[in-house]
Amino acid sequence: MIASIGWHPVAASSDLPTGHVYQTQLEGQALAVWRSAEGEVNVWEDRCPHRGVRFSIGVAVGNELQCQYHAWRFASGSGACTHIPAHPTQKPAAVIRATIFPVIERGGLVWTRVAEDHSEGTVPLVRDGVVMRALPVNRPAATVEAALLAAELTGATFFVQPLAEGQSVIRGIARDEASLRTLDSALERLRRQLEADHAVI
Amino acid sequence: MDPILWNDWHVVGDTAALLHGETFATALLGVALQIARAEDGSVGIVQSDGVPVLCDVRYGFIWACLGTPMQPIIDVPELAVEDMTAVIGGAVSVHASAGRAIENFLDLGHLGYVHAGYLGAEPETAVASYNVETLPGGGVLVTGCEVFQPNALMDNQGVMIGYSYKVERPLTAWFQKILLDSGTLVTTAYLFAQPVDEDHCVAHTLLLVPGSAYSAADIRGYQQLIFLQDKPILENQNPKRLPIGPRMEIPILADKTSIAYRRWLAQLGVTYGVVREAAGVPA
């Protein structure tokens, strides 16, 4: 397992088909993740600056994300508002923009960071492999990371996405397709164990 | 507790949904209520500890006030107009503050998208300028809104509609729709947003349609269709409470009504179900 500082995977590249806006969280920050028609991946705060509607119920149209409420459009990359249908002939004010987070797509995963104080961190150099099914666990990231280290699973590199208070997602890159089933079963057992340990009886 | 909302009347149910001899559980401003309709038809409301709550039955709705009413229940003058079909549109629970529901009811910019094909349509999405005034007793009056609606009359014929809006009580909104070319009244509608708690409301609507061309079931069905298009939007707004402080959400010219509504709530001193400051945003 590789512990990454600040940067975490928040989606698999395959979670982002054309037009779709993927919803997730990192350290309690709600995120909308989407890929433009040109292939650029965006990680944005999941909230339209106009009336607070989640971007993740919107739709990606070409190189823009369109909010579901008033159909304001925001540009891939910069997050700048490009079109407001209520005032179609006016150029939107420059202050109107989505809150964007840095993105790196590597190893079939989409990486970002939301905490300001981790500017020194980097995305680990991962070997190419097969991206595993993401596995949510109702336990804190530190607990899950410790359990993964103790489990000494081989054949894959694992990353823990701290979702929100007490919630994590295990993401992994397996060396080959043949080991997927065994690894997935091992992770399932780990999850059951972790959640059972914590269950209030 | 917010004295403005605490001492106001709120709709907490409709009489048609409350059978004689049965009780109905709801909540108002975070206070659990039991509404009971006796065999003789009379309605009573108690809190969970049995303390009675001031209540009234009017316009087909059950009203409650937890404090001391500062004003009587809002007047509905349209009910006195002859040959008016009055319909209660149903009660819809929404996981959003009452203020968010009221603001959405007053919003022109979403009609062409959230209600596409009914109350608006692309490419006619521009919101023309309109007038916003302050009512003499406080509150918001909006006039001169002109909107193309592809199916405002349930006949799939596009018409130009004129809207007026009014907010006289913090959680009650009113609109009137007329046909722009003839001035004929189409619909008057009231939204009574019941503040269940700070993040939940129940939307109660009253529709008033002149004549008898439309059945009560048709009117109710249309209203519910429209409102259920709004519900997922409302439930995906963050924060759930209405931001009424400056610089918390970015309005545009088309949002003049919303700006006036938020400002009025702030001036009144409403604190329940609203937020005045976002984390990291100076007030």
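Novice: Would you mind showing me how to read the overall build of chain B here?
Specialist: Helix and strand counts for chain B stand at five helices and 15 strands. Computed over the C-alpha atoms, the radius of gyration of chain B is 19 Å, within 12% of the 19 Å expected from 2.2 N^0.38 for a compact globule of 283 residues. On the principal axes, the C-alpha backbone points of chain B span a range of 55 × 55 × 35 Å. Within chain B, the proportion of its 283 residues that are buried is 40%. Across chain B, the fraction of contacts at a sequence separation of at least 24, relative to all contacts at a separation of at least 6, is 59%.

Novice: Explanation requested: the overall build of chain A in the structure shown.
Specialist: Along chain A, the regular secondary structure elements total two helices and 15 strands. The C-alpha atoms of chain A give a radius of gyration of 18 Å, which matches the 17 Å a tight globule of 201 residues would have. By principal-axis analysis of the C-alpha atoms, chain A measures approximately 60 × 40 × 30 Å. Split into buried and exposed, the 201 residues of chain A put 38% on the buried side.

Novice: Would you explain the domain arrangement of chain A in this entry?
Specialist: The parts lose accessible area when they come together, and the size of an interface is often stated as this lost area. Residue and element names in this part refer to chain A. Segmenting chain A into domains produces domain 1 (13-101) and domain 2 (127-198). Computed from C-alpha atoms alone, the centre-to-centre distance between domain 1 and domain 2 is 30 Å. Looking at the side of domain 1 that touches domain 2, its residues break down into one nonpolar, three polar and one charged.

Novice: Whenever I open this one, the UniProt feature "domain: Vanillate O-demethylase oxygenase-like C-terminal catalytic" (unreviewed entry) in chain B confuses me. Can you help?
Specialist: Under the UniProt annotation, the feature "domain: Vanillate O-demethylase oxygenase-like C-terminal catalytic" (unreviewed entry) is placed at residues 94-268 of chain B. Secondary structure content for residues 94-268 of chain B is 26% helix and 33% strand, while the C-alpha to C-alpha distance between its ends is 24 Å.

Novice: I tried to follow the domain arrangement of chain B on my own but got confused; where do I start?
Specialist: All names here are of chain B. You can read the domains of chain B as domain 1 (3-65) and domain 2 (81-275). Taking only C-alpha atoms into account, the centre of domain 1 sits 25 Å from that of domain 2. Between domain 1 and domain 2, the contact holds 15 residues from the first and 16 residues from the second. Taken together, the elements giving at least two residues each to the side of domain 1 that touches domain 2 come down to helix H1 (3-6), strand E1 (10-14) and strand E2 (23-28). With four residues, E1 is the largest single contributor of residues to the side of domain 1 that touches domain 2. Tallied by class, the residues present in the side of domain 1 that touches domain 2 amount to ten nonpolar, three polar and two charged.

Novice: I would appreciate a short explanation of the confidence of the model for chain B in the present structure.
Specialist: Regions with low pLDDT carry predicted coordinates that are not meant to be interpreted in detail. Per-residue pLDDT for chain B has a mean of 94; in total, 98% of the residues score no lower than 70. This complex was scored by the predictor with a pTM of 0.94 and an ipTM of 0.95.

Novice: How should the sheet that holds strand E10 (residues 104-106) of chain A be read in this particular structure?
Specialist: Strand pairing in a sheet relies on backbone hydrogen bonds, with the paired strands running either antiparallel or parallel. Residues and elements named next belong to chain A. Overall, antiparallel pairing links the three strands, which are arranged E1-E11-E10 in an open sheet. Because the sheet does not close on itself, it has two edges, and the strands there are strand E1 (8-12) and E10. Averaged over all neighbouring strand pairs, the angle between strand axes comes to 35 degrees, with direction disregarded. Where E10 and strand E11 (residues 109-112) come together, three bridges link them in antiparallel fashion. Bridge pairing in E11 links isoleucine 104 to tryptophan 111.

Novice: Would you explain the UniProt feature "domain: Rieske" (unreviewed entry) in chain A in this entry?
Specialist: When the UniProt feature table is mapped onto this chain numbering, "domain: Rieske" (unreviewed entry) sits at residues 7-112 of chain A. Taken end to end, residues 7-112 of chain A is 0% helix and 42% strand, and its first and last C-alpha atoms sit 5 Å apart.

Novice: Even after reading the chapter, I still don't get the interface of chain B and chain A, so can you show me in this structure?
Specialist: Of the residues lining the interface, 19 residues belong to chain B; the matching set on chain A comes to 19 residues. Elements represented by at least two residues in the side of chain B that touches chain A include exactly helix H3 (111-114) and helix H4 (216-235) of chain B. A total of three residues in the side of chain B that touches chain A trace back to one element, the largest contributor, which is H3(B). Grouping the constituent residues of the side of chain B that touches chain A by class yields eleven nonpolar, seven polar and one charged.

Novice: Is there a simple way to think about the packing of helix H2 (residues 98-105) of chain B against H4(B) in this case?
Specialist: Helix packing geometry: the angle between the two helix axes and the distance between the axes. All names here are of chain B. It is at 11 Å that the axes of H2 and H4 come closest, and there the two elements cross at 130 degrees. The orientation of H2 with respect to H4, classified from their angle, is oblique. H4 is crossed by H2, and the crossing has right-handed handedness. Side by side, H2 and H4 meet where Arg100, Ala101 and Asn104 of the first sit next to Asp230, Ile233 and Leu234 of the second. The class makeup of the residues in the contact of H2 with H4 is three nonpolar, one polar and two charged.

Cut-offs and rules
Residues numbered from 1 in each chain as written. Chains lettered and ligands numbered in written order. Predicted model: local features only at pLDDT ≥ 70, side-chain atom pairs only at ≥ 80, totals over all residues. Helix = DSSP H or I, 4+ residues; strand = E, 2+ residues; numbered from the N terminus. Rg over C-alpha atoms; globule rule 2.2 N^0.38 Å. Buried ≥ 20, exposed ≤ 12 C-beta atoms within 10 Å, placed from the backbone. Contact = placed C-beta atoms within 7 Å. Domains from an automatic or database assignment. Nonpolar A, V, L, I, M, F, W, Y, C, P; charged D, E, K, R; others polar. UniProt positions renumbered as here; feature names shortened; annotations may be inferred. pLDDT = per-residue confidence, 0-100. Pairing = 2+ DSSP bridges. Axes fitted to C-alpha atoms, helices over the stretch in contact; angles between N-to-C directions. Parallel < 35°, antiparallel > 145°, perpendicular 65-115°, else oblique. Left-handed = near helix turned anticlockwise from the far one by under 90°.

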